[in-house]
Amino acid sequence: MSGLRLLVVEGNVAAARERAIASGGTAAGLSYADLLRRLAPDATVDICYPADPGSNLPGVADLAAYDGVAITGSALNIYDGGPAIEPQVALVRDAFQAGTPMFGSCWGLQVATVAAGGTVRANPKGREIGIARRIVPTAAGRDHPLLAGRPAAYDAICVHLDEVETMPAGMTVLAGNAVSDVQAAEIRHGNGVFWGVQYHPEYTFREIAAVMRRYGPVMVTGGFVHDAAELQAVIAQYDALDAAPGDTALAWRLGVDGEVLDPAARNREIGNWLAHLVRPARAVSGKAETALFKNP
C-alpha cells in the first residue's frame, strides 16, 4: 500500500498569510503541511486555499480520495460570513459527505462546528492567547484516542477570540478549561468524523511570538501586557525559548512545562489523529490509487 495522501485546508486569505510571514511566522498551510510530513514521512500532502478568490477547490470525489483533511487556524471570524468564509464551510460539508477523516485547530474546529449545524461566537470571556492553561479532559475525553497520552490537566499554545456557542448534533466535548468549555471535540456528521481542538498543537514558540507581534495593540488593550515595551520583552522570551527549549529558567518564567516544551507532546493530538483515525480508516477502506485534486 502506498503512503498516506493528506490535504491541508488553509484558512487564511492571502493578505493574512503575508502578514504572518512579515511578522516572523509562517503561512499556516505551509507550516501545517511541513508538520504532517514530519509526523507521517510516507505522506503526500497537498494544500488548498478556499479563502482566495477563484481558487481551485476539491469536490466530494476529490476529498474522498484523500486519507485525511487537516484545517488550519485563521484570522477570520466565521460569523462574519462572506466570500472568504462560505467556501470553507461548503468544503468541510463536502468532506463530511465524502467520509474523509478530518482534523482542525482553532478555526478548523469552528468551521466544522458550523458545517455540522452548530454556531460560533466571540467568547464573552475575551481572548485566550499565549498558553491555554489547565485544559481538563471530560469523562468522554479521558478515554478518547484524540487525547491519548494527555495528563489529567495540561497546557497548550493558543490564540483565539471565538469559541463554540451551540454544539451541533453529533458533537462530543472532549476537553475544556476556564476560558472555553469546548477546547477539544469530536464531531460525527453525515459520513464523516472530525477531531479538533480550540488550541494550536501545530504551533511553535516562534509562531506564537509572531502572532503577538501581529496583534500588537490588542495585547495592550486586552490587558495581557501593560505597554508595548513589556510586550516586546514577552515576545523576546518566546523567541528565545524557541531557540533554546532546554533553558529551564526561561521555561519557568513563562510558566511552561513538558506538555508544551516537548514537540512530541505539543503535537500529540495531530499525531493521535494520524495514528488512531487516519491510518485505521485507510486500512479499512483500501482506497485505490486515483488522480488527486491539484492546485493550478
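Residues numbered from 1 in each chain as written. Predicted model: local features only at pLDDT ≥ 70, side-chain atom pairs only at ≥ 80, totals over all residues. Heavy atoms only, no water.

### Structural notes on the packing of aromatic side chains
Then, in step 1: Evaluated as defined, the whole model comprises three aromatic pairs.
Then, in step 2: Between the aromatic rings of Phe103 and Trp273, the centroid separation amounts to 5.9 Å while the plane-to-plane angle is 45°, which identifies the pairing as tilted. Taken together, the positions of Phe103 in strand 4 (residues 102-105) and Trp273 in helix 13 (residues 268-285) put the pair 170 residues apart, joining distant regions of the chain.
Then, in step 3: Judged by relative accessible area, which is 0%, Phe103 ranks as buried. (Phe/Tyr/Trp six-rings, centres within 6.5 Å; stacked < 30°, edge-to-face > 60°. Helix = DSSP H or I, 4+ residues; strand = E, 2+ residues; numbered from the N terminus. Buried < 20%, exposed > 50% of the residue type's maximum accessible area, 1.4 Å probe, protein only.)

### Digging into the pattern of salt bridges
Then, in step 1: Overall, the coordinates contain twelve salt bridges when judged by the stated rule.
Then, in step 2: The closest approach of N and O atoms between Arg133 and Asp155, which form a salt bridge, is 3.2 Å. Taken together, the positions of Arg133 in strand 6 (residues 128-137) and Asp155 in strand 7 (residues 154-160) put the pair 22 residues apart, joining distant regions of the chain.
Then, in step 3: Its relative accessible area of 35% is what places Arg133 among the partly exposed residues.
Then, in step 4: Put simply, Glu186 and Arg188 hold a salt bridge, and the shortest N to O gap is 2.9 Å. (Salt bridge = Lys/Arg side-chain N within 4 Å of Asp/Glu carboxyl O.)

### Examining the layout of surface pockets
Then, in step 1: Of the pockets and cavities examined, the largest pocket occupies roughly 510 Å³.
Then, in step 2: Every residue lining the largest pocket is counted, 28 residues in all, and those nearest its centre are Asn12, Ser74, Ala75, Arg214 and Tyr215.
Then, in step 3: The residue makeup of the lining of the largest pocket, split by class, is twelve nonpolar, nine polar and seven charged.
Then, in step 4: Size it by volume and the second largest pocket reaches roughly 220 Å³. (1 Å grid on protein atoms, 1.4 Å probe; cavity = no way out; pocket = protein on both sides within 12 Å on 5 of 7 lines; lining within 4 Å. Points joined across faces, edges and corners; volume = space filled by probe spheres on them. Nonpolar A, V, L, I, M, F, W, Y, C, P; charged D, E, K, R; others polar.)

### Digging into the environment of Thr26
Then, in step 1: Mapping Thr26 onto the fold places it in the loop between helix 1 (14-22) and helix 2 (28-39).
Then, in step 2: Separated by 181 residues in sequence, Thr26 and Glu207 have C-alpha atoms that sit 7.2 Å apart.
Then, in step 3: With residues near it in sequence (within four places) discarded, Thr26 still touches Ala20, Ser31, Arg206 and Glu207. (Contact = heavy atoms within 4.5 Å.)

### Some details on helix 1
Then, in step 1: Of all the positions in helix 1, only Ala16, Arg17 and Ala20 are classed as buried. Burial along helix 1 is one-sided: seen end-on, the buried residues are contained in an arc of 100°. Of the exposed residues in helix 1, those oriented more than 90 degrees away from the buried face are Glu18, Ile21 and Ala22.
Then, in step 2: Summarising the contacts, the buried residues of helix 1 are in contact with helix 7 (205-215).
Then, in step 3: Count one or two residues on from helix 1 and you reach Gly24, which has phi positive near 100°. (Arc of directions from axis to C-beta.)

### Some points on the pairing of strand 11 (residues 192-197)
Then, in step 1: With six of six residues buried, strand 11 is to be regarded as a mostly interior element.
Then, in step 2: By the alternation rule, side chains of strand 11 split into Gly192, Phe194 and Gly196 and Val193, Trp195 and Val197, which are all buried.
Then, in step 3: One ladder, built from four bridges, connects strand 4 with strand 11; its direction is parallel. Across the sheet, the residue bridging to Ser105 is Val197, located in strand 11.
Then, in step 4: With six bridges joining them, strand 10 (residues 184-189) and strand 11 adopt antiparallel strand pairing. Bridge assignment links Ala185 to a residue of strand 11, and that residue is Gly196.
Then, in step 5: Between strand 10 and strand 11, which follow one another and run antiparallel, lie two residues, and Gly190 among them has a positive phi close to 60°. (Pairing = 2+ DSSP bridges.)

### Re helix 9 (residues 228-243)
Then, in step 1: Taking 1.5 Å of rise per residue, the 16 residues of helix 9 would be expected to cover 22 Å, and the 23 Å separating its terminal C-alpha atoms lies within 8% of that figure.
Then, in step 2: The set of residues buried in helix 9 consists of Leu231, Val234, Ile235, Tyr238 and Leu241. Seen from one end, helix 9 has its buried residues packed into an arc of 125°, which puts them on one side. In helix 9, the exposed positions that point more than 90 degrees away from the buried face belong to Ala229 and Ala243. (Expected span 1.5 Å × (residues − 1).)

### Observations concerning the packing of helix 7 against helix 9
Then, in step 1: Across the interface, helix 7 lies against helix 9 with an axial gap of 7 Å and an inter-helix angle of 160°. Overall, the two elements helix 7 and helix 9 adopt an arrangement that is roughly antiparallel. With respect to the hand of their crossing, helix 7 and helix 9 are arranged in left-handed fashion. Residues Phe205, Arg206, Ile208, Ala209, Met212 and Arg213 of helix 7 touch helix 9, and the partners they reach there are Leu231, Val234, Ile235, Tyr238, Asp239, Leu241 and Asp242.
Then, in step 2: Its residues placed into classes, the contact of helix 7 with helix 9 shows nine nonpolar, no polar and four charged. (Axes fitted to C-alpha atoms, helices over the stretch in contact; angles between N-to-C directions. Parallel < 35°, antiparallel > 145°, perpendicular 65-115°, else oblique. Left-handed = near helix turned anticlockwise from the far one by under 90°.)

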